[in-house]
Amino acid sequence: MPYDENNIFAKIIRSEIPCHRVYEDEAVLSFMDIMPRSPGHLLVIPKAPARNLLDIEPEVLATLIRQTQRIAKAAVAALGADGLTLQQFSEPAGGQEVFHIHFHVLPRWDGVRITPHPAPKGDMAELADQAAKIRAALG
Ligand code: 5GP
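The structure displayed is predicted, hence computed values, not measured ones.

J.: Quick rundown of the packing of helix H2 (residues 58-79) against helix H3 (residues 124-138)? Include the residues and the values.
T.: Axis separation between H2 and H3 bottoms out at 8 Å; the angle between their running directions is 115°. Comparing their axes, H3 and H2 come out roughly perpendicular. The handedness of the crossing between H2 and H3 comes out as right-handed. In this structure, H2 uses Arg70, Ile71, Ala74, Ala75, Ala78 and Leu79 to contact H3, whose residues at the interface are Gln130, Lys133, Ile134, Ala137 and Leu138. In the contact of H2 with H3, the residues fall into eight nonpolar, one polar and two charged.

J.: Describe in detail the packing of aromatic side chains, supporting the description with residues and values.
T.: Across all of its chains, the model carries one aromatic pair by this definition. When the ring of Phe9 is compared with that of Phe31, the centres are 5.4 Å apart and the planes differ by 75°; the resulting orientation is edge-to-face. Placement of Phe9 in helix H1 (residues 8-13) and of Phe31 in strand S2 (residues 28-32) is noted, with a sequence separation of 22 residues between them. Exposure remark for Phe9: the relative accessible area of 8% places this residue in the buried category. With relative accessibility at 3%, the residue Phe31 sits in the buried group. The positively charged end of Arg70 is found above the aromatic ring belonging to Tyr23, 4.7 Å away from the centroid.

Conventions adopted
- Residues numbered from 1 in each chain as written.
- Predicted model: local features only at pLDDT ≥ 70, side-chain atom pairs only at ≥ 80, totals over all residues.
- Heavy atoms only, no water.
- Axes fitted to C-alpha atoms, helices over the stretch in contact; angles between N-to-C directions.
- Helix = DSSP H or I, 4+ residues; strand = E, 2+ residues; numbered from the N terminus.
- Parallel < 35°, antiparallel > 145°, perpendicular 65-115°, else oblique.
- Left-handed = near helix turned anticlockwise from the far one by under 90°.
- Contact = heavy atoms within 4.5 Å.
- Nonpolar A, V, L, I, M, F, W, Y, C, P; charged D, E, K, R; others polar.
- Phe/Tyr/Trp six-rings, centres within 6.5 Å; stacked < 30°, edge-to-face > 60°.
- Buried < 20%, exposed > 50% of the residue type's maximum accessible area, 1.4 Å probe, protein only.
- Lys NZ or Arg CZ within 6 Å of the ring centre and 35° of its normal.

Fair warning: the whole summary comes from geometry, so function is off the table for now.
See the structure below:
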C-alpha cells in the first residue's frame, strides 16, 4: 500500500491538526497520544513519510529508535514510572490504525494494567501537564 499524505499524523507534522508536543527536531516529532492507554502514553514519529516498519528506510528507523529511547527515558523519569512498554503495529493485521509509522511509549507502574484499546479520550489539561513534565526532563 502507498503512503497516504493525508493521514492524521502527516497533518500533525504539517501543524494542520494540534497536538501536545513533547519533542521536535528536523527528523522526529513526539506528542501525547490523544487516547492514552497509560498515564503519559506518547507517540514518536519520523517526519519522513513511511507507512510502518515494512517500508521505513533503515537510516530513518535508526534515528527514530534512538530518539524514542531518549524520550522514553525522560518520560519514565518525569512521571516517576517503574518501567515502560514500547509498541509498534504494522498494517491492519498487526493492529495499525494510523498509517504513518509510530512507536507507542507507555510508562508503566508495578501492578497497574494498561487500559484496553480503545481507551477514552484523554483529559487535555492532563496531557498538557504530562507533556510539559517530559519536555522539562528532556532539558
Ligand atoms: P495504531 O495505529 O498504532 O493502532 O494507533 C494509533 C494511535 O494514534 C492510537 O493510540 C490513537 O489513540 C492515536 N491517535 C489517533 N488519532 C490521533 C490524533 O488525532 N492525535 C493524537 N495525538 N493521537 C491520535
